[in-house]
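# Commentary on secondary and tertiary structure
Below, each chain spelled out in residue letters.
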Amino acid sequence: MDVDHVAQTWSVSIYYPLLITGLVLLFWFQQKRIPFPQDAPQVLKEGYPLLGALRFFTDRGNFFHDSVAATRTGNFGFYVGCHQLIGLAGHPGRKTFFESKLLDLTTGYRVLLGTEPPSISKRGHYDEIISYAAKFRRNFIRTMGTESLSDHLPLNIELVHETFREAGSDGLMDVFHDFDVLVHRLTMQNLGVYEIADSQELYQRTYNAYYQIESAKSATRVIFPWLPTPAFITQITAGAKLYQTFSRIIRQRAASEKPQGGALQYLIDSGANTSDILHFVLNAIFASQLNTPIVVSWVVIYLATQPYWMKMVRAEIDAALAKHGSPGETPVDVLKRLKLQQWESEFPCFNACMHESMRLHVTGSAYRMNTSGGDVPITGTKEVVPRDALVFYLLKEVHLDPEIYPEPDKWDPRRFLSENDQSKDTPYSFLAWGDGRHPCLGTRIAKLQMVIIVAHLVSTFDLQLCDAAGRPKDDPPAAEQKYHVTSKPIVGVRVKYCRRSLD
């Protein structure tokens, strides 16, 4: 028997049925695309059959800029897979995006981050997601307010102090990784998941599982949500591991007579099941890890390369230490005694540095979905967001607008000092904390985590920016231009630290 002939015959017999099946699926998938209505924004000609406009994933900044320039109002429509997307631009677009109660945040993020199952197309599923999001907001506000922040403040300060103490008196920090781990532990503390925050094994396990879930997000998951890719299997496996971890913690708490506090205990006592608790924790972690560790890393990088602003921030921290301290106390002794109100009010220079870092680097995309069941008018135009369409806005448009922020690529915290805060002159000009109907629920927690980290670091160490090999650098690195989320450097950097000289 001619093996090659058999193999060739087999290949042909399989190839043509697969090709025909593929063409049928392609036709069926294309037929699922709902045409844009006539009063939708101008629809781009760009895109591929089946896949849609891939530059939305591969070159989003230029895609947004080119699309705005090519359309009459700056708003534009396009497809990603079978999803209709609307890009909004300009002040009218921002006003619609952030003010309309008919555009849902949670559904938009779940679809466009590739975490939503195929049932998103079912009308009843919208209501389920919106109901869950409302419950999440209620529980977050109830369990993460002023009382909770004050209760957890000593634990947060001790954890940050412990982290820097373990780092030693000098060395190199990979701030983008090290602060990511630290913020993860701080968030677990604030959520009342002390079992994970206090255990190196557990927080490392949950940290790794969380990032397995995050790394599975891809364009493929958005375009083909029903396709069981290896990344999707990884995502499901990591989710199962987290479920097992939280099930164990909940059972242990039920068997223990030791009283516990915090959001986790509140959810357990209120009868929430393990799945609901895990969803609450994952959403809170996503919100914290998305921006906080990256922003505080950029703040430290800028302070390490800007002597004037290092002097200013250090001066206000030293002033707080002198005001609230006693002779013979260490900086850490005093920081541990500061109250929540003092942390939130006594560091205006740090806040200016933080906001300017956010303006420069929180330049990615925000998402919504029209789940209203009808078309949504776009302010100042005769255009609409079609029913069931997804919506995105690129924060870069306003954060790097020279009309609002002169020399927009320059890091200049003076913009956000109270006497000349440029973001107050134009509505919706600073969007890193959300705005309108969707301000960031975790703003106070994020600010508190960042100021505690920087206060400990600046009061204890002198800093020098270095490249990944430890060679000193005078200037901050260039940032990525992906515009999906908050930007990181395009090259690896380290921060060299040594015990502060008090001369």
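All values reported here derive from a predicted model rather than from experimental measurement.

### Observations regarding the nonpolar core
One finds F56, F78 and W343 to be the most contacted residues of the largest nonpolar core, which totals 143 residues. Of all the elements, helix 14 (residues 274–305) adds the most residues to this core, at 17 residues.

### Focus on the sheet that holds strand 2 (residues 83–87)
Taking strand neighbours across the sheet as the criterion, the five strands line up as 1-2-8-5-3 in an open arrangement whose pairing is mixed. Each end of this open sheet is capped by a strand with a single partner; those strands are strand 1 (76–80) and strand 3 (103–104). In this structure, strand 2 lies alongside strand 8 (residues 390–394), joined through three bridges in parallel fashion. Paired with I86 across the bridge in strand 8 is V391. Those strands touched by helix 4 (residues 90–99) are strand 3, strand 5 (365–370) and strand 8, and its axis lies near 125° from that of strand 8. Packing of helix 5 (residues 105–112) onto the sheet brings it into contact with strand 2, strand 3, strand 5 and strand 8, and relative to strand 5 it is tilted by some 110°.

### Here we look at the side chain of H355
Structurally, H355 is set in helix 18 (residues 348–361). Among residues more than four places away in sequence, those in contact with H355 are F416, F430, W433 and K447.

### Describing the UniProt feature "binding site: heme" (unreviewed entry) in the protein
In this numbering, the UniProt entry assigns the feature "binding site: heme" (unreviewed entry) to C440. With respect to the helices and strands, C440 occurs in the loop between strand 10 (438–439) and helix 20 (443–460). For C440, a relative accessible area of 32% corresponds to the partly exposed category. When residues no more than four places from it in sequence are discounted, the contact partners of C440 are W433 and G434.

### Describing unusual backbone geometry
The phi angle at L50 is positive, at roughly 75°, despite the residue not being glycine. Tracing the sequence through the fold places L50 in the loop between helix 1 (3–32) and helix 2 (55–58). Not every positive phi belongs to a glycine, and Y428 is a case in point at roughly 55°. Of note, Y428 is situated in the loop between helix 19 (396–399) and strand 9 (434–435). With relative accessibility at 11%, the residue Y428 sits in the buried group.

### Examining the sheet that holds strand 12 (residues 493–499)
Taken in spatial order, the three strands line up as 4-12-11 in an open sheet, and their pairing is antiparallel. Among the strands making up the open sheet, the edge pair consists of strand 4 (170–173) and strand 11 (461–467). Across this sheet, the average inter-strand angle for adjacent strands is 25°, counted without regard to direction. Its contacts with the sheet place helix 14 against strand 11 and strand 12, and it is angled at close to 100° to strand 11.

Here is what the cut-offs are and how they apply
- Residues numbered from 1 in each chain as written.
- Predicted model: local features only at pLDDT ≥ 70, side-chain atom pairs only at ≥ 80, totals over all residues.
- Heavy atoms only, no water.
- Core = buried A, V, L, I, M, F, W, Y, C linked by side-chain atoms within 4.5 Å.
- Buried < 20%, exposed > 50% of the residue type's maximum accessible area, 1.4 Å probe, protein only.
- Helix = DSSP H or I, 4+ residues; strand = E, 2+ residues; numbered from the N terminus.
- Pairing = 2+ DSSP bridges.
- Contact = heavy atoms within 4.5 Å.
- Axes fitted to C-alpha atoms, helices over the stretch in contact; angles between N-to-C directions.
- UniProt positions renumbered as here; feature names shortened; annotations may be inferred.

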